[in-house]
Structure formats: C-alpha cells, structure tokens
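# Observations on the model geometry
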Amino acid sequence: MADYSKNINERLTNRGPNVGYCAICRTHGPLTKDHVPPKGCGNINDSVISHVYGNNSEKPGRPVLSQGGSHFRTICGRCNNTLLGTEYDPALSDAVRGVEAYFRVASASRLTLPRTQLFDYQPNRFLRSMLGHLLAANAVPDVTEKDRVIPLDDALRAYVLDPSATLPDEVCVYYWFYPHRRRVVMKHSAMGFFGGNGAVIYGHVFKFFPFGFWVVWDEQGDRSKRFNLRRLTDSSSVISASSRLLLDLSQLPPANFPEAPTDNGMWLVTDYRVSQAEDRTRRIPPI
Ligand SMILES: [Zn+2]
C-alpha cells in the first residue's frame, strides 16, 4: 500500500484501489466509481481528466480517459447508491435541469436576461449532494490511509452523513453562475495575498455547469467579501425543506475564478489535488 500511495502522488489518477476507506463514511471495504458531478447533471460522455495547469515536466501526469463521464473510484456502494444516488442527487440534478431549461427557453425566445433569477430547489439535499461528490473527487490519496485527520473534510463528512445536521459555523459555501462546460475540482487550495501577512482563504473549489462553488473553511477576516459572491445556507434542519436559489446572471466572475486571481492575489494548490475534466472531443491513446 505504501508503494501505491507513493505512486498516486506522482500522477493524476481517478482510480482508487478496489478496496479502501470510503472518502465519505470512511468504512473500509470495496470502492465504487462516483460520477463527479452526478450523471443527472449531464456528466455522461467520455471525458478527459487532466491537470488544471498542464503537465509538470518532472511528473508528467498524462490526461486520464474516463469513460461515460468523469468519475473517481473513491466511495463505497452505500454512499454512492443510497446516500448520494437516492437521497441527495435528485435535488442537485433537478436544480441543474431547472437552470438549463430556463436558458433554453430564454435563448429560444431571445429575451433579455434579467440581472437575477430565482430557481426552486431543496437546499439541504442540494448542498449534501454537491459536498458528497466533492469529497469523492480527487480523493484517491484519502482512501488508502485510515487516519487522515483533515478538519474541513471531517466537518463536511459529518454534515453529509447526518441529514439533520446544520452546516458547521466554520464552513462557508459561496456559489455563482458558471456558464462553462469545463468541470474543475481544486481540493485544499488557498488564495493568498501579497502583503497579506500570511492571511489566506482556504478550502475546496468545485465548478460544473451551471454552478461554481467555493467551500471556504474557517476564514479569518473578510477578504472573500471583495468578490461579492452569494452564500448557500441551509435554512432549516428538515432534509426535504424547499427554497429558491437566487442566481446572478450579470457581472459574472471570470471562467478561471478563483484560480487565477488578480488584484495582488495568489493561488496555492497541491498538484494532484486539482483536476479538470471535459467531454472528449478527439481520440487520445489508451493509458
Ligand atoms: Zn461510504
């Protein structure tokens, strides 16, 4: 197992071992492939998973072909099929389809888009679905070691696994309209600031059409306020609660937000914790 851990740190991979510690419930057992985002969000075509910043000459991580959508073998069958697939994913897929349907109608009727638009959704299931798949993404290093204490991920796991829990105070989930097909996951990344005396905004980034999410952990200060992002909250502890999601349709962040900061910012990542996926448009040689 030590060699396996060493190897996965040297290249990008979406395939965990057949048996390991589930990236969500941490139970040891057979691992299954989790679509990130779920299939109901349109993640069904053969995809190429690659590094966000291109290949590193010292660790030439070749793009990985992922058949039938981008997926990661990192979670157990129960978390995959029951917890996410049955309990939470329909809420995320419904919200994605609601936004898609709105834009289909708007483009067909050539209406001028409003500055904001409301969409029906179930916030508690929506959030848990998104966070569950985020835990599964780029998580191959997490499934080989039993005791990986990572406060942000521990907090997210507890929230995803307990349908009556509320989002911990240390976790802030920002979101924005992301009208792009490139799917991006950046785990344990941080935004720093020149002259910031070491202050960073640390967390996970997850982007897939039509949403961008930035899951920030225990931010000190208010540096994230400058981006004017909206925040997802769970207004009730009832898992089936419904609400309306407000999406800003104008003055969007750039496609490469937040990983290409301007204004005296910097972006810090660990190579194998960041990846992007796109539908395959041309044939690449088998790995
Ligand atoms: Zn599990």
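Keep in mind that this is a model prediction, so the values were computed, not measured. (Residues numbered from 1 in each chain as written. Predicted model: local features only at pLDDT ≥ 70, side-chain atom pairs only at ≥ 80, totals over all residues. Heavy atoms only, no water.)

## Here we look at the overall build of the chain
Looking only at helices and strands, the chain has 4 helices and 15 strands in total. Taken over the C-alpha atoms alone, the chain extends approximately 55 × 45 × 45 Å along its principal axes. Here the chain holds 287 residues, and the buried ones make up 51% of them. Summed over its atoms, the accessible surface of the chain is roughly 13,700 Å², and 49% of this surface lies on carbon and sulfur atoms. (Helix = DSSP H or I, 4+ residues; strand = E, 2+ residues; numbered from the N terminus. Buried < 20%, exposed > 50% of the residue type's maximum accessible area, 1.4 Å probe, protein only. Areas by Shrake-Rupley, 256 points an atom, 1.4 Å probe, with all protein chains shown as cover.)

## What to know about the side chain of R182
Relative to the helices and strands, R182 is located in the loop between β8 (171-177) and β9 (183-193). Side-chain polar atoms of R182 contact the side chain of E259, separated by 3.1 Å. A polar atom in the side chain of R182 sits 2.5 Å from the side chain of Q276. Residues within four places of R182 in sequence aside, it is in contact with V52, K207, A255, N256, E259, Q276, A277 and E278. (Polar contact = N/O pair within 3.5 Å; in protein donor to acceptor, adjacent residues only side chain to side chain. Contact = heavy atoms within 4.5 Å.)

## Some remarks on the confidence of the model for the chain
For the chain, mean pLDDT is 88; residues scoring 70 or higher make up 91% of the total. Note on residues 1-10: pLDDT is under 50 here. Beyond four places in sequence and across chains, it has 15 contacts. (pLDDT = per-residue confidence, 0-100.)

## Quick word on the nonpolar core
Among the nonpolar cores identified, the biggest contains 57 residues, and L131, F211 and F213 are the most heavily contacted of them. If you tally residues by element for this core, the top one is helix α2 (residues 77-109), at 9 residues. Grouped together as the second largest cluster of nonpolar side chains are 17 residues, Y178, I201, W267 and V274 included. (Core = buried A, V, L, I, M, F, W, Y, C linked by side-chain atoms within 4.5 Å.)

## Quick notes on the coordination of the zinc ion
The zinc ion binds to the protein through C22 (SG), C25 (SG), C76 (SG) and C79 (SG), with metal-donor distances spanning 2.3 to 2.4 Å. Given 4 donor atoms and angles of 105 to 116° at the metal, the environment of the zinc ion is assigned as tetrahedral. (Donors = N, O, S within 2.8 Å, 3.2 Å for Na, K, Ca; no water. Tetrahedral: all angles 85-135°; square planar, octahedral: opposite > 155°, others 65-115°.)

## Quick word on unusual backbone geometry
Residue P37 is reached from V36 by a cis peptide bond, and omega for that bond is -5°. Looking at the element boundaries, P37 is found in the loop between β3 (32-35) and β4 (47-50). Following F257, the chain continues to P258 via a peptide bond in cis, the omega torsion being 0°. On the secondary structure map, P258 appears in the loop between β13 (243-248) and β14 (265-268). Non-glycine residue R26 carries a positive phi angle of around 70°. Relative to the elements of secondary structure, R26 occurs in the loop between β1 (19-21) and β2 (28-30). In this structure, N228 takes a positive phi of about 50° despite not being glycine. Looking at the element boundaries, N228 is found in the loop between β11 (211-217) and β12 (230-232). For N228, a relative accessible area of 66% gives the class exposed.

## Considering the layout of surface pockets
Take a probe with the size of a water molecule and roll it over the atoms, and the empty space left behind shows itself. In this structure, the largest pocket spans a volume of roughly 510 Å³. F227, L229, Q251, L252 and P253 are, among the 26 residues lining the largest pocket, the residues nearest its centre. Listed by contribution, the elements that provide at least two residues to the lining of the largest pocket are β8 and β9. It is β8 that provides the largest number of residues to the lining of the largest pocket, a total of 3 residues. (1 Å grid on protein atoms, 1.4 Å probe; cavity = no way out; pocket = protein on both sides within 12 Å on 5 of 7 lines; lining within 4 Å. Points joined across faces, edges and corners; volume = space filled by probe spheres on them.)

## Observations regarding the packing of helix α3 (residues 123-136) against helix α4 (residues 151-161)
The contact between α3 and α4 brings their axes to 9 Å, and the two run at 135°. As summarised for this structure, α3 and α4 are arranged oblique, according to the angle between their axes. Our pair here, α3 against α4, has a crossing hand that is left-handed. Residues N124, L127, R128, L131, G132 and L135 of α3 form the contact with α4, whose participating residues are D153, L156, R157, Y159 and V160. (Axes fitted to C-alpha atoms, helices over the stretch in contact; angles between N-to-C directions. Parallel < 35°, antiparallel > 145°, perpendicular 65-115°, else oblique. Left-handed = near helix turned anticlockwise from the far one by under 90°.)

## Brief notes about empty space enclosed by the protein
Tallied over the entire structure, the rule returns 2 cavities of 30 Å³ or more. Approximately 70 Å³ is the volume found for the largest cavity. Taken together, V36, P37, I49, S70, F72, R183, V184, V185, F206, S275, Q276 and A277 make up the lining of the largest cavity. Tallied by class, residues from the lining of the largest cavity come to 8 nonpolar, 3 polar and 1 charged. (Nonpolar A, V, L, I, M, F, W, Y, C, P; charged D, E, K, R; others polar.)

## A short note on the pattern of salt bridges
For the structure on display, the rule yields 10 salt bridges. Put simply, R230 and D248 hold a salt bridge, and the shortest N to O gap is 2.7 Å. In this pair, R230 is assigned in strand β12 and D248 in strand β13, connecting sequence segments 18 residues apart. A cluster of three or more residues bridged by salt bridges with shared partners is formed by R182, K207 and E259. (Salt bridge = Lys/Arg side-chain N within 4 Å of Asp/Glu carboxyl O.)

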